[in-house]
Amino acid sequence: MGPTVQGGVLVSYGDNDWSSSVTGAEPAYAEMRNARPIAGRFFTEQENAGRARVCLLGKTVISNLYPEGFDPSGTQVEINKTNFTVIGVLQVKGSNGFQDQDDTVVVPLQTAMWRILGVTSINSIDVEAKDGDSVQGAIDELTALLRGMRHIRAGQPDDFSIRNMADIQQAQQGIASTMTLTITVLAGISLLLGGIGIMNIMLVSVKERTKEIGLRKALGARNIEVLFQFMVEALLICLIGSGLGFLLGLTLALLMQLILGWLMPLSLSMIAIAVGVSSLCGVIFGFWPAWQASKLSPIEALRYE
């Protein structure tokens, strides 16, 4: 069991300031909330009891206060104008869809209550069950205990809430699955419309260049060569479009990271898949116009008006 308090703070290092959120917690928080530091250490019970001015920083806070690649462990920062020693760096968690989980500062509970936030009550209590089968029983026991402590009579509604993190995780997974399906459908429709557009462009190109095709074939160009020429043109159109789309997506990702603080990682595999799908779209939808161009008769093509 681990009580916590939260609040907004201003974190400063040198000439840099950053508005973030602070979480006051006990040492058990590191294990219960998977907040073990990737550098440095977590605070101890003695530091919590002594209201020590120590803290751990999330990646977003570090990136906005320190130079890139700098290890903040051991440095002094100001939290609401009070000096704190950075003793650790929290592991990267990214965004949960609602907030940036790396935009946080973790300090000892007593330090947060008495030195930073000036509060005498906690916001929440984290409770860990022995196993998955014990979760509901633990919730029922906690509900009965809290109702008794808060003198809530039978029939009266609870003035507190208990959240099962497993249910929250399932809800988030459901939202993520729905978004994935929606994005997949939209991507499929976009590819279909883009492919139809490419096919129409290539059909118009074949029609306007009929004499050119006839002249090439009259000079000895084979059907496969004409087919290859128009297939390459369709492929180039798709590659140019995918390049512009990549630049637009990269710009939007950077803007979302700067404005909303959401991490939008890009990998080479994602880029390769996007280029591959775009190229396949060009090959599939460009084949029919290229096939028509390759089958044109040189005589009829040269007479075409």
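This is a predicted model, so every value here is computed, not measured. Residue positions are given per chain, counted from 1 along the sequence in the order it is written. Only residues with pLDDT of 70 or above have their local features reported here, since the model is predicted, and side-chain atom pairs are shown and tallied only from 80 upward, although totals for entire chains, interfaces and linings are computed over all residues. Where side-chain values are given, they derive from all heavy atoms of the structure, hydrogens and water being excluded.

A. Examining the overall build of the chain more closely. Along the backbone of the chain there are ten helices and eight strands. Within the chain, the fraction of its 305 residues that count as buried is 31%. By sequence separation, contacts in the chain at least 24 residues apart represent 68% of the contacts at least 6 residues apart. Throughout, the Shrake-Rupley method with a 1.4 Å probe supplies accessible areas, and for residues the shown protein chains are the sole cover considered. A total of about 18900 Å² of accessible surface is found on the chain, and carbon and sulfur atoms cover 61% of it. Helical segments are the DSSP runs of H or I of at least four residues, strand segments are the runs of E of at least two, and each set is numbered from the N terminus. Buried means the residue's accessible area, taken with a 1.4 Å probe over protein chains only, is under 20% of the maximum for its type, while exposed means over 50%, and partly exposed covers the values in between. Should any heavy atoms of two residues lie within 4.5 Å, those residues are considered in contact.

B. Looking closely at the environment of Val54. Tracing the backbone through its elements, the reader meets Val54 in strand β4 (residues 54-57). A relative accessible area of 9% means that Val54 is categorised as buried. Along the primary structure Val54 and Phe43 are separated by eleven residues, whereas in three dimensions their C-alpha atoms are 7.4 Å apart.

C. Just helix α9 (residues 268-294), in detail. The span you would expect from a helix comes to 1.5 Å times its residue count less one. In this model α9 runs 36 Å from its N-terminal to its C-terminal C-alpha over 27 residues, within 8% of the 39 Å that 1.5 Å per residue would give. By the largest-angle criterion, Phe287 marks the main kink of α9, which is about 45°, and a proline, Pro289, follows within four residues. If you check which residues of α9 are buried, you get Ser278, Ser279, Cys281, Gly282, Phe285, Gly286, Pro289, Ala290, Ala293 and Ser294. One axis fitted to the seven residues ending at a residue, another fitted to the seven starting there: the angle between these axes is the bend at that residue.

D. Local environment of the packing of aromatic side chains. Within 6.5 Å between ring centres, the rings of Phe, Tyr and Trp (the latter by its six-membered ring) count as paired, and their orientation is classed by plane angle as stacked under 30 degrees, edge-to-face over 60, tilted in between. As enumerated under the stated definition, the model contains four aromatic pairs in all. With 5.9 Å between their ring centres and 25° between their planes, Phe287 and Trp291 make a pair best called stacked. Taken together, the positions of Phe287 and Trp291, both in helix α9 and four residues apart, correspond to about one turn of that helix. Among the aromatic residues, those joined into a ring-pair cluster are Tyr13, Tyr66 and Phe70.

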